[in-house]
Structures are given as structure tokens and as C-alpha cells.
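What the coordinates show
Each chain, written out:
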There are 2 protein chains.
Amino acid sequence: MERVPVLKIGDILLVSIQIDMEDQVALQLQEDLADRIVATGCHGVIIDISALDIVDSFVGRTLATIASISRVLDAETVVVGMRPAVAITLVELGLSLPGIRTALNVELGMDLLARNRAEEYDDRDDEDEDEAETPAVNAS
Amino acid sequence: MERVPVLKIGDILLVSIQIDMEDQVALQLQEDLADRIVATGCHGVIIDISALDIVDSFVGRTLATIASISRVLDAETVVVGMRPAVAITLVELGLSLPGIRTALNVELGMDLLARNRAEEYDDRDDEDEDEAETPAVNAS
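Now for a look at the structure at hand. Nothing here was measured: the structure is a model prediction, and the numbers come from that model.

Remarks on the relation of the copies chain B and chain A
The transform that puts chain B on chain A rotates by 180° and translates by 0.0 Å along the axis, for an RMSD of 0.3 Å. With respect to symmetry, the two chain copies, as superposed, fit the operation of a two-fold axis. Here 100% of the interface residues in chain B have copies in chain A that are interface residues too; the copies meet face to matching face.

Printed below as a string of C-alpha cells:
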């Protein structure tokens, strides 16, 4: 069976979809991605769809499912590389990929994830004001 | 026609081969890669073959050709993600991919490229320094 590889690059998992998204391939990808997120502790997933001529409702739903699975595993998903024609067709079909963040290419997707992650940490820092300080130890 | 996407990540172009390497696909990939190297000025190419069950002599030759094209355009190629079974079969077939560097995964491939690039710069620095270097003086 064909399988879409999941590549780890730093804190990000990269998936480049090039083959037809049949049921089994999509399920396998969801499973592989979930496993890799847990195994690596990555906080970002980038899905490149620049090789796809067509994104139909099944692929759209698969992308949304992957984004949801990643979210509950504390990873954010960005879909990158969408062709202009694909975007036009998607909207004409009434599919606007709700809940899925997009970026033009892999690099911009990485920037987006890094920025969001930094903002998240900033928010957490604001909340953590009661830091437990270790007591000083007297020598002798 | 199916086309293998070339993704730019920093100073590196990443290609994940997932579809069958037919003549036209291989030629198109060589052309796309050469164009992208020239357009972006990237110095490294990583080709991920973790999705491939079989690497036959045609694929081996294609990888070698890509490595050679990249080299004359001042970019180094690293093939990553080879499965153990593929490695065994390759050697049994008498194909040892001469002239192709390999790494276990994308991250190690990036490390390799970064290290080689740094060494290259060091060598250039050393050559400059050799001219100005004073001979060692014996303390007696």
C-alpha cells in the first residue's frame, strides 16, 4: 500500500501529499501523523499540497480531520502550497476549509508556526507570575 | 502529468519522492530542480526516498544525474530515508550509488549539508591564512 511519508524537521513534521488520497491512504496518514506527534513531541504540522491538481470534499475533510487530531495533541497544522486554481475550485464548491490555517509555501508556514508558538509562550509567561524560587543555601 | 514538488526550506531544497519514477517524471524533476537551484541560490538538495519500496537501476541513475546536475550548479545532494531492505537490494544488484551522499533522515541530511558548507568556508579561510601565517618558532 502506498504511504505518505512524515518528515521531521526540527520542531515540525512535514507531509508532502503527492498521491491520490484514497480512504486507506488518508487513514494511514492520520495514524502515522498522530504517532509521530506523540513520539517526537513536535508542535507543528505542515501539509504541502502543491502537487495536488484537485482538492475535493474528501481531501478537504481529511485535512480538517488531521488538523483536529493534531490540535488535541497540542500541535498546530498549516496547509501550504495550494495552487490558485485549487483555491478557486474549492470556494466554487462551497468548501472554504474552516478551521484550517494556510500559508503560501513551506517557509511561510514555518514562520507562522514559530510566531504562534512564541505568542503562546508569551501568554503563558504572563500567567506564570508566581515562580517558586529555590531558597539560598548558606555555606558553612 | 504527475510532478514531484520541490520545497524550499532555508538554504535547502527538499524533494520527497513518492510516485513511480517514470522517464518523464524523472526528466521533469531534474529540470525543476536545476531551475530552482538557479532561482533560489540554494547550496543543498535533500532527496527523501523513504516512501520507495524499490530503488532500481533507473532510479539509481536518476539520483546520480540529479547529484551531478546539482554539483555543477554548486549545490550538494544528500539522499535520505533509505529503507534497510532497499539498501540490501541495491547492493545485491551491484548498485552502490557511487557519488551519492546519504544520511538516515532529513535532519541528519541537513546537519551533513551544514557541516560540509562550514568546512568549505573554513578551507577557504585557511587558504587565505596560509599565505600570511608565520612559521612555528622552536622554544629551546
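Right, picking up where we left off after that structure.
Observations concerning a negative patch on the surface
Taken together, the side chains of E2, D20, E22 and D23 of chain A together with E2, D20, E22 and D23 of chain B present a region of like negative charge at the surface. Locating D20 of chain A in the fold gives a position in the loop between β2 (12-16) and α1 (23-40). On the basis of relative accessible area, D20 of chain A is assigned to the exposed category, the value being 61%.

Description of the pairing of strand β3 (residues 44-48) of chain B
Residue and element names in this part refer to chain B. Across the five residues that make up β3, a large majority, five, are buried. What you see with β3 is no split at all: G44, I46 and D48 on one side and V45 and I47 on the other are buried throughout. Here strand β2 (residues 12-16) pairs with β3 via five bridges, running parallel. Residue L13 lies in a different strand from β3, and its bridge partner there is V45. Taking the sense of rotation as the criterion, the β-α-β connection linking β2, helix α1 (residues 23-40) and β3 turns out right-handed. One ladder, built from five bridges, connects β3 with strand β4 (residues 76-80); its direction is parallel. Note on β4: the bridge partner recorded for G44 is E76. Read from β3 through helix α2 (residues 57-72) to β4, the crossover connection turns out right-handed.

Some points on the pattern of salt bridges
Applying the stated rule across the entire model yields 10 salt bridges over all chains. Taking the shortest distance from any N to any O, the salt bridge between K8 of chain A and E107 of chain B comes out at 3.2 Å. Here K8 of chain A, found in strand β1 (residues 6-9), pairs with E107 of chain B, found in helix α4 (residues 106-132), and the two come from separate chains. In this structure, the salt-bridge partner of E120 of chain A is R117 of chain A, at a minimum N-O distance of 3.3 Å. With E120 of chain A and R117 of chain A both in helix α4 (residues 106-127) and three residues apart, the pair spans about one turn of that helix. E120 of chain A gets classed as partly exposed once you look at its relative accessible area, which sits at 29%.

A short note on the sheet that holds β4 of chain B
Residues and elements named next belong to chain B. Taken in spatial order, the five strands make up an open sheet running β1-β2-β3-β4-β5, and their pairing is mixed. Across the chains shown, the open sheet's two edge strands, defined by having one partner strand only, are β1 (6-9) and β5 (101-103). Between one strand axis and the next, the sheet turns through 30° on average, direction left out of account. Across four bridges, β1 lies against β2 in antiparallel orientation.

What to know about the sheet that holds β1 of chain A
Residue and element names in this part refer to chain A. An order of β1-β2-β3-β4-β5 is seen for the five strands of this open sheet, with the pairing classed as mixed. The sheet is open, and its two borders are formed by β1 and β5 (101-103), each paired with just one other strand. Direction aside, neighbouring strands of the sheet carry axes that sit 30° apart on average.

Calculation rules
Residues numbered from 1 in each chain as written. Chains lettered and ligands numbered in written order. Predicted model: local features only at pLDDT ≥ 70, side-chain atom pairs only at ≥ 80, totals over all residues. Heavy atoms only, no water. Least-squares fit on C-alpha atoms with pLDDT ≥ 70 in both. Contact = heavy atoms within 4.5 Å. Patch = residues over 30% accessible without salt bridge, like charges linked within 9 Å, V, L, I, M, F, W, Y side chains within 5 Å. Areas by Shrake-Rupley, 256 points an atom, 1.4 Å probe, with all protein chains shown as cover. Salt bridge = Lys/Arg side-chain N within 4 Å of Asp/Glu carboxyl O. Lys, Arg positive; Asp, Glu negative; His and termini not counted. Charge placed at Lys NZ, Arg CZ, Asp CG, Glu CD. Helix = DSSP H or I, 4+ residues; strand = E, 2+ residues; numbered from the N terminus. Buried < 20%, exposed > 50% of the residue type's maximum accessible area, 1.4 Å probe, protein only. Pairing = 2+ DSSP bridges. Right-handed = clockwise from strand over helix to strand, strands pointing away. Axes fitted to C-alpha atoms, helices over the stretch in contact; angles between N-to-C directions.

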